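# Understanding the architecture of this molecule
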Amino acid sequence: MTPPSGGAGGVAPRLTASDLVGAVPGLDDGVCLEVQDFRQIPGAWLEIDDIAALAELLNKQAASGTDGIVITQGTDTLEETAYLLDLLYEGAAPVVVTGAMRNPSMAGADGPANLLAAVRTAAAPQARGLGVLVVFSDEIHAARHVQKVHSTSASAFASPGAGLIGHVVEGRPRFHFSLPRRPAVPLPFTRPAAVEVIETTLGSSGILLHCADQHLDGLVIAAFGAGHVPASWTERLEELAARIPVVLTSRTGAGSVLTATYTFTGSETYLLERGLINAGTLHPRQARLLLLAHLRTGADRNALKAAFESQS
């Protein structure tokens, strides 16, 4: 994003892929770069179908022999793009997602440095087979762990509960550990589906639950702590779980939903016994994307439960 040509006013998506590459001296040292503009819209405008189409393009690029791929996008939805791509991408060539927190008109703009680090990571042989990564501020994150944790900081991305999988040091990626790949969700999507997240809050009446099954194909509950909801929510959640898949997550941002520690009405044990699906360590936004992706392939309830057991 950059200001208009006159320099007055706020920033909006105006730069092309060639503009970004041209702003980083030495970016093509040792590599052959091919640039492509896929979408030129704010990250907040992206749709699930945009990411599915991108994943299909990435699969084709990887199959054709491309050694590595870098994606730049706005940071609003970057963590969700990376996670969904990691579910849908089946190639061995590394895919690295990056962006910028400071636009080019600001002092200390971080876009060029992030792009350089991302290209170096995507070109590294040791990144092959690691799936989708996020590189920001010389830190390398696994897509399955990364979250945007600050609205304005240049160090806005972190991997709570897991940590980084590597750093870029003097232009070279250094990996601390790797993660096993999981089977990709098959493309193309074959049906539409709607999934939303409802978060528990102190004293909430749960009114949003009452029309959920009329409009949704699946629901994610961002529960208190290790998977707890107000007692007033329980009857409606049991009714919903009998009609549509309802996934239980924690709103905390790190840690796991438990399975059998608490037994009060509205506890994780109570809810799981009544048909809710345990999301394990997945946070609510990830659980929504996993549920949505499988619903759009036509998966049944048993397949959905197995998907969460394998991913979380």
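Above this text sits the structure in question.
Residues numbered from 1 in each chain as written. Predicted model: local features only at pLDDT ≥ 70, side-chain atom pairs only at ≥ 80, totals over all residues. Heavy atoms only, no water.

### Remarks on the side chain of Glu79
To keep it simple, the criterion reads: Only DSSP runs of H or I with at least four residues qualify as helices, and only runs of E with at least two residues qualify as strands; both kinds are numbered from the N terminus onward. The buried label goes to any residue with under 20% of its type's maximum accessible area, the exposed label to any with over 50%, and the partly exposed label to all in between, with areas taken from a 1.4 Å probe on protein chains only. As used in this structure description, the phrase polar contact means that two N or O atoms lie within 3.5 Å; if the pair is within protein, one of them must be able to donate a hydrogen and the other to accept it, and residues adjacent in sequence are counted only when both atoms belong to side chains. Note on contacts: a residue pair is in contact if any heavy atoms of the two residues lie within 4.5 Å.
With respect to the element layout, Glu79 can be found in helix α3 (residues 78-88). The class of Glu79 is buried, set by a relative accessible area of 7%. At 2.8 Å, the side chain of Glu79 forms a polar contact with the backbone nitrogen of Lys148. Looking at Glu79, its side chain comes within polar contact range of the side chain of Arg285, at 3.1 Å. Sequence-distant contacts of Glu79, that is, excluding residues within four places in its chain, are made with Val146, Gln147, Lys148, Phe157, His283 and Arg285.

### Let's talk about the sheet that holds strand β2 (residues 95-98)
Formally: Pairing between strands requires that DSSP locate at least two bridges from one strand to the other. For helices, the fitted line uses only the C-alpha atoms of the stretch in contact; every axis is such a line through C-alpha atoms, and the angle between N-to-C directions lies from 0 to 180 degrees.
What the 6 strands build is an open sheet, ordered β1-β2-β3-β4-β7-β8; its pairing is mixed. Strand pairing shows two members of the sheet lacking a second neighbour, β1 (69-72) and β8 (172-175), which therefore form its edges. Averaged over neighbouring strand pairs, the angle between their axes works out to 30 degrees when direction is ignored. Sheet analysis places strand β3 (residues 132-136) next to strand β4 (residues 139-142), joined by 4 bridges and oriented antiparallel. In the strand pairing of β4, Leu133 is matched with Ala142.

### Here's the deal with the pattern of salt bridges
Pairs can form between side chains of opposite charge whenever their charged atoms are close. How we decide: A carboxyl oxygen of Asp or Glu within 4 Å of a side-chain nitrogen of Lys or Arg is what we treat as a salt bridge.
Summed over all chains, the structure comprises 11 salt bridges. For Asp213, the salt bridge goes to Arg236, with nearest N and O atoms at 2.8 Å. Taken together, the residues Asp213 in helix α5 (residues 212-215) and Arg236 in helix α6 (residues 234-241) connect sequence positions 23 residues apart. Two residues, Asp213 and Arg243, come together in a salt bridge whose shortest N-O distance is 2.5 Å. Here Arg243 lies in the loop between α6 and β11 (246-250) and Asp213 lies in helix α5, a separation of 30 residues in the sequence.

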